[in-house]
Amino acid sequence: MIFRNRAAAFAAAGAAGVIAAGAFAAPAFAATSADLAIKASGTTIAVGAPGKNATVSLINKSDVDAKGILVGLDISKLDTKLVDIDESGCNRREDGIILCGIEGDTIPAGADIDWAFPLSRTLEGLPGDGGGEGGTGTGPAGSITAFILHDGEDPDESNNEVTVDVKVEGTGPDLAVFAPDVDQAATVVNGNIKFSGALNPGGKSGVYYRIENHGDAAAAGLKISVKLPKGVTFTEVEENCEYNASKTSLVCNYENFGLIPAKDDTNANDKLFSGYGFFNLITVGENVKPGSLTGGTVTVEPLAAATTPSIAKEAAPALPKNIAGVQAKDVDATDNSDDFAVVVAKATGGGGGGGLPVTGPQAGLIGGIGVAVLAAGGAMFVMARRRRVVLVIPGDEKPTA
């Protein structure tokens, strides 16, 4: 199902308009058109979980901005008696197709934008309501096809759509990581990281990522791996992490640093969290050419599953010393990695980005993300994703430590 342009997608959906009036007019074909791609992940829901946020990655593989973006979800083959999708922020489904826009209507050259769509188990699919393990509420739930369109003709339409199976199966932690592109310089003052201004050759910034647990069991520990794009290195070496010789990749094992399931994150006053934000300080090489440096990846794995949240509670106040752990099985490994790019701007005037103060061995931990983001209906979290992903605590435009 490849729609050749946005008008065809609207015709297929029977839609008169989406999101904001006039947001999607007739395509104005560009002389040089962008090459877009789309990927999807996170469509397996744990048996004991009510749902999760699946993700599509919107990728601009070209050196020109892509404008007039339209994202579509074909749910005509989704078994909505078991699993349904929340289209809030988009137009309502028509003939099984949901059409959505993104903030700014543009994907910059070389950008990789994460865009979430919430999956929830319906009444018939929930345990105790005709479902449950071994009942009608588990197993295959059909499939979803995601597609992306923009103004102009895409030179390679083969990667403009992706189909993924939706399932309810497995029990245990279900970790997901979200790593937005790095497109601004950063400074660190008194342990707080602040993003502001263009990131130039020789400049410094931070890779920010968020890790969440959408499963039905707590993760007792985390293994985090970060790979940087070519031309970028880590600014400092953090305690309890292992780096390669060129300081372009790291692995951190936190055996006693756990996350409870999002479904259990209902108390804003406790020290139990279902999500955490991290950052690692980076430096762009002096001789790096301006543009989008691709190839960055953040990967997370659970080190052990916990049957009770007590382990996560004990680990919440601070990062423990690094000791070896035992890897646990993740319910859905498709969303355990996320790619990011480092966007380098052309220097204007003064050159590099200056120095960052040393922030200590726990610099990478921003803080726990609790009920305010993950459990209060998910409204602010979801709506931020329907636009361009920033992945911050509501009220902040950029993460602070």
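Source: prediction; values computed, not measured. (Residues numbered from 1 in each chain as written. Predicted model: local features only at pLDDT ≥ 70, side-chain atom pairs only at ≥ 80, totals over all residues. Heavy atoms only, no water.)

A closer look at the overall build of the protein
Each helix and strand counted, the protein has 4 helices and 25 strands in total. Counting every position in the protein, which comprises 401 residues, the buried fraction comes to 52%. Sequence-distant contacts, at least 24 apart, represent 80% of the contacts inside the protein between residues at least 6 apart. When the accessible surface of the protein is totalled, it reaches about 16,700 Å², and 52% of it is carbon and sulfur. (Helix = DSSP H or I, 4+ residues; strand = E, 2+ residues; numbered from the N terminus. Buried < 20%, exposed > 50% of the residue type's maximum accessible area, 1.4 Å probe, protein only. Contact = heavy atoms within 4.5 Å. Areas by Shrake-Rupley, 256 points an atom, 1.4 Å probe, with all protein chains shown as cover.)

Some words on the sheet that holds strand β24 (residues 337-344)
An order of β19-β20-β17-β22-β24 is seen for the 5 strands of this open sheet, with the pairing classed as antiparallel. Looking at the sheet topology across the chains shown, the edges are occupied by β19 (241-243) and β24. Within this sheet the neighbouring strands show an average axis-to-axis angle of 15 degrees, counted without direction. The pairing of strand β22 (residues 291-302) with β24 spans 7 bridges and is antiparallel. The residue bridging Thr299 from the neighbouring strand is Ser337, located in β24. (Pairing = 2+ DSSP bridges. Axes fitted to C-alpha atoms, helices over the stretch in contact; angles between N-to-C directions.)

Some points on the confidence of the model for the protein
Low pLDDT marks regions whose predicted coordinates should not be analysed in detail. For the protein, per-residue confidence averages 76 on the pLDDT scale, and residues scoring 70 or more make up 69% of the total. Summarising per-element confidence for the protein, the mean pLDDT is lowest in helix α4 (residues 379-386) (31) and highest in strand β18 (residues 232-234) (98). Scored below 50 in pLDDT, residues 369-401 makes 94 contacts in the model with residues more than four places away or belonging to other chains. (pLDDT = per-residue confidence, 0-100.)

What to know about the state of the cysteines
Here, disulfide denotes a covalent bond that connects the sulfur atoms of two cysteines. Scanning all chains against the criterion turns up 2 disulfides. Here Cys90 engages in a disulfide with Cys100; their sulfurs sit 1.9 Å apart. Here the S-S torsion is close to 110 degrees, and the disulfide linking Cys90 with Cys100 is therefore right-handed. Here Cys90, found in the loop between β6 (83-85) and β7 (97-100), pairs with Cys100, found in strand β7; they are 10 residues apart in sequence, far enough to count as distant. As far as burial versus exposure is concerned, Cys90 and Cys100 are alike and both buried. Here Cys241 connects covalently by a disulfide to Cys252, the sulfurs 1.9 Å from one another. On the sign convention where negative is left-handed, the bridge of Cys241 and Cys252, at about 110 degrees about the S-S bond, is right-handed. Here the residue Cys241 occupies a position in strand β19, and Cys252 occupies one in strand β20 (residues 249-254), the gap between them amounting to 11 residues. Across the pair, exposure class does not vary: Cys241 and Cys252 are buried alike. Of note for the protein: the bonded cysteines, numbered N- to C-terminal, pair according to 1-2, 3-4. (Disulfide = S-S within 2.5 Å.)

So, the side chain of Ser225
Among the structural elements, Ser225 can be located in strand β17 (residues 222-227). If sequence neighbours within four positions are ignored, Ser225 has contacts with Leu250, Val251, Thr297, Val298 and Thr299.

Digging into the sheet that holds β6
Pairing is antiparallel across the open sheet formed by 4 strands, whose spatial order is β1-β3-β9-β6. Every interior strand has two partners, whereas the edge strands, β1 (36-41) and β6, have only one. Taking the axes of each pair of neighbouring strands and ignoring which way they run, one obtains an average angle of 30 degrees across the sheet. Of the pairings in the sheet, the one linking β6 to strand β9 (residues 112-121) comprises 3 bridges and is antiparallel in character. Across the sheet, Val83 pairs through a bridge with Arg121, a residue of β9.

So, the nonpolar core
The biggest cluster of nonpolar side chains holds 35 residues, and the ones touching the most others in it are Leu58, Leu73, Ile107, Trp115, Phe117 and Leu119. Of all elements in the fold, only β1, β3 (51-60), β5 (70-74), β6, β7, β9, β10 (139-149) and β11 (161-168) reach the threshold of two or more residues within this core. Among the nonpolar cores identified, the runner-up in size contains 34 residues, and Ala219, Phe257, Val284 and Val300 belong to it. (Core = buried A, V, L, I, M, F, W, Y, C linked by side-chain atoms within 4.5 Å.)

Re the packing of aromatic side chains
Any two aromatic rings considered together are summarised by their centre-to-centre distance and by the angle between their planes. Evaluation of the coordinates by the stated rule reveals 5 aromatic pairs. Between Trp115 and Phe117, the aromatic rings sit 6.3 Å apart at their centres with planes inclined by 40 degrees, giving tilted as the arrangement. Neither Trp115 nor Phe117 differs from the other in exposure class; each is buried. Taking the centre distance of 5.3 Å and the plane angle of 75 degrees together, the rings of Phe273 and Tyr276 count as edge-to-face. An aromatic cluster is present here, built from Tyr209, Phe273, Tyr276 and Phe278 joined pairwise through their rings. (Phe/Tyr/Trp six-rings, centres within 6.5 Å; stacked < 30°, edge-to-face > 60°.)

Some details on unusual backbone geometry
If you check the backbone angles, Asp95 has positive phi at about 55 degrees while not being a glycine. Relative to the elements of secondary structure, Asp95 occurs in the loop between β6 and β7. The class of Asp95 is exposed, set by a relative accessible area of 62%. The phi dihedral of Asp105 is positive, around 60 degrees, even though this residue is not glycine. Mapped onto the fold, Asp105 is located in the loop between β7 and β8 (106-107).

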